[in-house]
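# Structure assessment
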Amino acid sequence: MAEGKILMVDDDKEIADLVEIHLKGEGYQVYKAYNGKEALEIFDAEEIDLAILDIMMPGMDGNEVCAKIRQTSTIPIIMLSAKDSESDKVSGLVNGADDYVTKPFNTSELIARVNSQLRRYHSFGGVESKTSDVVNIENLWMDKSLHEVKAYGNPVKLTPIEFDILFLMASHPNKVFSTDEIFERVWKEKSFEMSNTVMVHIRRLREKIESGSDKSKIIKTVWGVGYKIEA
C-alpha cells in the first residue's frame, strides 16, 4: 500500500470526494479543500507530500495556490482543469506545477500520475543512469543521493522534475537531448506534443541556475535540435 499525505483541492465536491475515495484505496491520507484559502491553511498545518489543484476556483485559483506553495516547498503539484489549451497548461507549469491533467479525467490515470510523482519525489530523482550519483562539471555540482545542487558555488532549490531534467543532461555532458527524449526519459511516458512542457521546465531551470546577466549559460540551446550541458 502507498503512503503519503495528499492535498486534494477542487471546488466541485463530487470530484474531490471521488478522487479521495480512490486515493484512500491506494493507502494515501487525503486532505480536502474547496478553495485556495482552505488549501493553504491545510498546507501550512500538515506535512503534505503532494498537491492536486483545480485551476478554476472562485477567489484564489489553482495557479495562485501553486505559486504560493512553490515559495517554500518542492513537493509535486498536479494541476486539474477543464481547459485544454496549450496556454493554460503552460501557465500552470510556469507557476511551478509538475504535471497537468485535463477534465474529464480517468481516475486511474490520475492515480498513476500521483504514484509516479511521489516515487520521483521520495527517491530524489527518477532518471535511470549508470553514471555516478555525483556530477561535478564547470559551474555545476549535483548529488543525486542528497538531491543537492550548486550552480556557480551557490545552493539551488529545485523541484524533483527540474532536478531530473538537469541531472539527465549533466550526467551526459555534451550530448544533445531533444525535447521528446527529455520528456520520455524523465516522465517515462511517450511524448505526444509535449515539447512546450519541457521548454517551460528548461526556462524555469535557467532562471534558477543562471540568474544574473554576468553568468555564462549552463544549459546550451542547439537550435532545431534540443539542449545540452557542456563539460
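Residues numbered from 1 in each chain as written. Predicted model: local features only at pLDDT ≥ 70, side-chain atom pairs only at ≥ 80, totals over all residues. Heavy atoms only, no water.

Strand pairing in a sheet takes place through backbone hydrogen bonds and is either antiparallel or parallel in direction. On the basis of which strands lie adjacent, the open sheet formed by four strands has the order β6-β7-β8-β9 and antiparallel pairing. Unpaired on one side and paired on the other, β6 (134-137) and β9 (154-156) mark the two borders of the sheet. With strand direction ignored, the average angle separating the axes of adjacent strands in the sheet is 20 degrees. The sheet contact formed by strand β8 (residues 148-151) and β9 spans three bridges and is antiparallel. Across the sheet, A151 pairs through a bridge with N154, a residue of β9. Against the sheet, helix α6 (residues 160-170) touches β6, β7 (140-143) and β8, its axis set at about 115 degrees to β7. (Pairing = 2+ DSSP bridges. Helix = DSSP H or I, 4+ residues; strand = E, 2+ residues; numbered from the N terminus. Axes fitted to C-alpha atoms, helices over the stretch in contact; angles between N-to-C directions. Contact = heavy atoms within 4.5 Å.)

This paragraph deals with the environment of I55. Secondary-structure assignment places I55 in the loop between β3 (50-54) and α3 (62-70). I55 sits 46 residues away from V9 along the chain, and the two C-alpha atoms are 9.2 Å apart.

Now for the packing of aromatic side chains. Describing an aromatic ring pair means giving the distance of the ring centres and the angle of the ring planes. Evaluated as defined, the whole model comprises two aromatic pairs. Taken together, a centroid distance of 4.7 Å and an interplanar angle of 15 degrees make the contact between F183 and W187 stacked. In this structure, F183 and W187 share a single accessibility class: buried. Positioned above the aromatic ring of W141 is the side chain of K150, whose terminal nitrogen or guanidinium carbon lies 5.8 Å from the ring centre. Lying over the aromatic face of F177, K175 brings its terminal NZ or CZ to 4.9 Å of the ring centre. (Phe/Tyr/Trp six-rings, centres within 6.5 Å; stacked < 30°, edge-to-face > 60°. Buried < 20%, exposed > 50% of the residue type's maximum accessible area, 1.4 Å probe, protein only. Lys NZ or Arg CZ within 6 Å of the ring centre and 35° of its normal.)

With that settled, consider the sheet that holds strand β1 (residues 5-9). The five strands lie next to each other as β2-β1-β3-β4-β5, forming an open sheet whose pairing is parallel. Single-partner strands in this sheet number two, and they are β2 (29-33) and β5 (99-102). Pairs of neighbouring strands in the sheet enclose a mean axial angle of 20 degrees, with direction left out of account. Summarising the sheet, β3 and strand β4 (residues 77-81) pair through four bridges and their orientation is parallel. From the neighbouring strand, L53 faces β4, where its bridge partner is M79. Packing against the sheet, helix α1 (residues 13-26) makes contact with β1, β2 and β3, and its axis sits at approximately 170 degrees to β2. The strands touched by α3 are β3 and β4; relative to β4, the strand with the most contacts, the crossing angle is about 170 degrees.

What is expected of a backbone is that most residues other than glycine have negative phi and most peptide bonds are trans. Cis geometry is found at the peptide bond from K103 to P104, where omega equals -10 degrees. When you line up the elements, P104 lands in the loop between β5 and α5 (107-122). Located in the positive-phi region is N139, a residue other than glycine, with phi close to 70 degrees. Tracing the backbone shows N139 in the loop between β6 and β7. Accessibility expressed as a relative area gives 28% for N139, which makes it partly exposed.

This next bit is on the side chain of E20. Its location among the elements puts E20 in helix α1. Beyond its immediate sequence surroundings of up to four residues, E20 is in contact with V30 and K32.

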